Amino acid sequence: MWGGRFEGGPSAIMREINASIPFDKALWRQDIAASKAHVAMLGAQGIVSNEDAAAISGGLDAVAAEYEAHGVPENWDLEDIHMTTESRLAELIGAVAGRLHTARSRNDQVATDFRLWVRDACDAALAGLNALQVALVTRADEHSASIMPGFTHLQTAQPVTLGHHLMAYYEMAARDVSRFADARVRMNRSPLGAAALAGTGFPIDRAMTASALGFDGPTRNSLDSVSDRDFALDYLMAASQCALHLSRLAEEFIIWASQPFGFVALPDSLSTGSSIMPQKKNPDAAELVRGHSGRIIGSLTALMITMKGLPLAYSKDMQDDKPPVFEAASLLTLCLAAMTGMVEATTFKTARMRAAAELGYATATDLADWLVRQANVPFREAHHITGAAVKLAESRGVALDALPLADLQAIDARIDERVFAALSVEASVAARASHGGTAPSEVRKRVAEARLALGLD
C-alpha cells in the first residue's frame, strides 16, 4: 500500500503496532455496507462506469459471504479491515477493485464504519433496556402491595412497597433509554465523502450515501467528520451511567440474598457454589455485573484520555478508539441480560421483608406525622416526642405500636388511641399516596403508565 512513497517495508515492530485487523475486523459488515453505498453513488454520479460499479458491488457481496462463512482473515501486512476487504476484492474481480476507493479515504471510511457500528450498539442497548424495564414493571405489578423496609444509610428508615422499590430502577432505566436515544440522534450523520480531511474534488452525492446507510444526512464539516469521536464517547457515557444503575441493582440483590437479610432467593441459573463449602449459593452473576461496571467506566476514561489532546484532523492515536467501545458494548449487553434474568427469576421472600419492615421503628415518622395532623403539634416538637417514644420502645425491646397507650400519653398527653391505626406498616405505606409515593395505589398508577409507555397494554 505504501510502495509509491517508501522504499522499504515496515519493520516488525511497526507492523505489529500499526495493525488493527485483530479488532477492527468486527466492523466488516459496516465496511461492506458503506463500500456498497459508496460505489453505488460513484456509479450514479458517473464517476465510475455502471459496469464497474456493478462488478465491485457483486464482488463485495462475495467477500461478505466469505466473511460470514469463514470469518475475516488476519493478514497484518494489510493492517485493517478496509485494506483486507479491498485486497480480497481485487483477488476476486481484478484491477477494477481499485476504483472503489475513488473519492474517499480510510479516514472517512473508518469514521463511517465505526459510527454505523456504534449506532447498532445503541440499538442493542435500547433493546436490552426494554427487556429490563418489562421485567421490572412485571415484578413491580406483582408486588405493588408487598411491604419491605426502605433504607437510608442502609439503616431502616420507613416502610415502602417492593413494587415501589423496583419501579425506582425502572425510572433509572428510562433515563438510560433517553441517553442512548439522544446519543443515537446526534451520531446519525454520515462522514462518508469527507475523504482524508478536506473533502473531494469529485462530484459526489453525500446525501445519497447518507440515505442509503440510514443516516439523517451528511456531516457538515470535513475536518470534524474525520476527527470526531463524540459519538463513541456519547455511547460510552450512556453505557457508563447505565452500568452504574445496573451495579446498584446488583448490589441490592447481593445484600438481599445474604442470610442476615434473606429477602430473596436468587435463581440457580445465575448463582454458583463453593469449591469447599457445600452450603454456599453465591450471587456471582450480580457480583460480576457490579465488577463489570468498573471496566465499562474505564473504557470511557480510556477514550476520553486518548482524545483529549489531539489536533485536527485524524491522528493514529484514534485507532485505539475501537477496543474500549467494543469491550464496553459486549460487557453492557451481558450485564443487561444478567440483571433482566435476575429480576425475572428471583423469588422475593415477602414475609421476611415485611417482618424486617416492622423492626427498626420504621413507622416513627408516622407517629410524628400523626401528631402534626391530629394534635396540631409543630413538626419539630412532634419529632422530639417521637424520639422519646422510640427510646422507650427500644429500652423495652418492643415495637412502637406495642407500647401501651398510657406510656405514650406519659410522653405526651395529646396522644390518644387513634394513633395505633397509623403505626402499622400497612397504614404507613397506604398513607404515602402523594404523586410518586410508595402507597400501593400510587405504585399501580406508575406501573400502568409504564406498561403503556412500553406498549404492553
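For clarity, every value in this text was computed on a predicted model and none was experimentally measured. (Residues numbered from 1 in each chain as written. Predicted model: local features only at pLDDT ≥ 70, side-chain atom pairs only at ≥ 80, totals over all residues. Heavy atoms only, no water.)

**Digging into the overall build of the chain**
Scanning the chain from N- to C-terminus turns up 18 helices and 4 strands. A globule of 457 residues ought to have a C-alpha radius of gyration of about 23 Å, yet the chain, at 30 Å, is considerably larger. Projecting the C-alpha coordinates of the chain onto the three principal axes gives extents of approximately 100 × 50 × 40 Å. Here the chain holds 457 residues, and the buried ones make up 49% of them. For the chain, the share of sequence-separated contacts (at least 6 apart) that also reach a separation of at least 24 residues comes to 75%. Here the chain displays about 20900 Å² of accessible surface, and carbon together with sulfur accounts for 55% of that area. When the 42 basic and 54 acidic side-chain charges of the chain are each reduced to a single mean position, those positions are 3 Å apart. (Helix = DSSP H or I, 4+ residues; strand = E, 2+ residues; numbered from the N terminus. Rg over C-alpha atoms; globule rule 2.2 N^0.38 Å. Buried < 20%, exposed > 50% of the residue type's maximum accessible area, 1.4 Å probe, protein only. Contact = heavy atoms within 4.5 Å. Areas by Shrake-Rupley, 256 points an atom, 1.4 Å probe, with all protein chains shown as cover. Lys, Arg positive; Asp, Glu negative; His and termini not counted. Charge placed at Lys NZ, Arg CZ, Asp CG, Glu CD.)

**Observations regarding empty space enclosed by the protein**
Evaluated as defined, the whole model comprises 1 cavity of 30 Å³ or more. Within this model, the largest cavity holds a volume of roughly 60 Å³. What lines the largest cavity is simply Leu-129, Leu-132, Leu-136, Tyr-169, Met-172, Ala-173, Asp-176, Cys-242, His-245, Leu-246 and Leu-249. Among the secondary structure elements, those contributing two or more residues to the lining of the largest cavity are helix H6 (106–142), helix H7 (162–187) and helix H10 (230–257). For the lining of the largest cavity, the residue count by class is 9 nonpolar, 1 polar and 1 charged. (1 Å grid on protein atoms, 1.4 Å probe; cavity = no way out; pocket = protein on both sides within 12 Å on 5 of 7 lines; lining within 4 Å. Points joined across faces, edges and corners; volume = space filled by probe spheres on them. Nonpolar A, V, L, I, M, F, W, Y, C, P; charged D, E, K, R; others polar.)

**Overview of the packing of helix H4 (residues 50–70) against helix H5 (residues 81–93)**
To describe two helices that pack against each other, one gives the angle between their axes and the distance between the axes. The geometry of H4 relative to H5 is characterised by a closest axis approach of 9 Å and an angle of 115° between their N-to-C directions. Classed by the angle they form, the pair H4 and H5 counts as roughly perpendicular. As for how H4 packs across H5, the hand of that crossing is right-handed. Of the residues in H5, those in contact with Ala-55, Ile-56, Gly-59, Leu-60, Ala-62, Val-63, Glu-66 and Tyr-67 of H4 are Ile-81, Thr-84, Thr-85, Arg-88, Leu-89, Leu-92 and Ile-93. (Axes fitted to C-alpha atoms, helices over the stretch in contact; angles between N-to-C directions. Parallel < 35°, antiparallel > 145°, perpendicular 65-115°, else oblique. Left-handed = near helix turned anticlockwise from the far one by under 90°.)

**Re the environment of Met-353**
For Met-353, the position within the fold is in helix H13 (residues 350–357). Residue classification places Met-353 among the buried positions, given a relative accessible area of 0%. C-alpha separation for the pair Met-353 and Gly-262, spaced 91 residues apart in sequence, amounts to 8.1 Å. Not counting residues up to four positions away in its chain, the partners in contact with Met-353 are Ile-147, Met-148, Pro-149, Leu-162, Trp-256, Phe-263, Val-264 and Phe-348.

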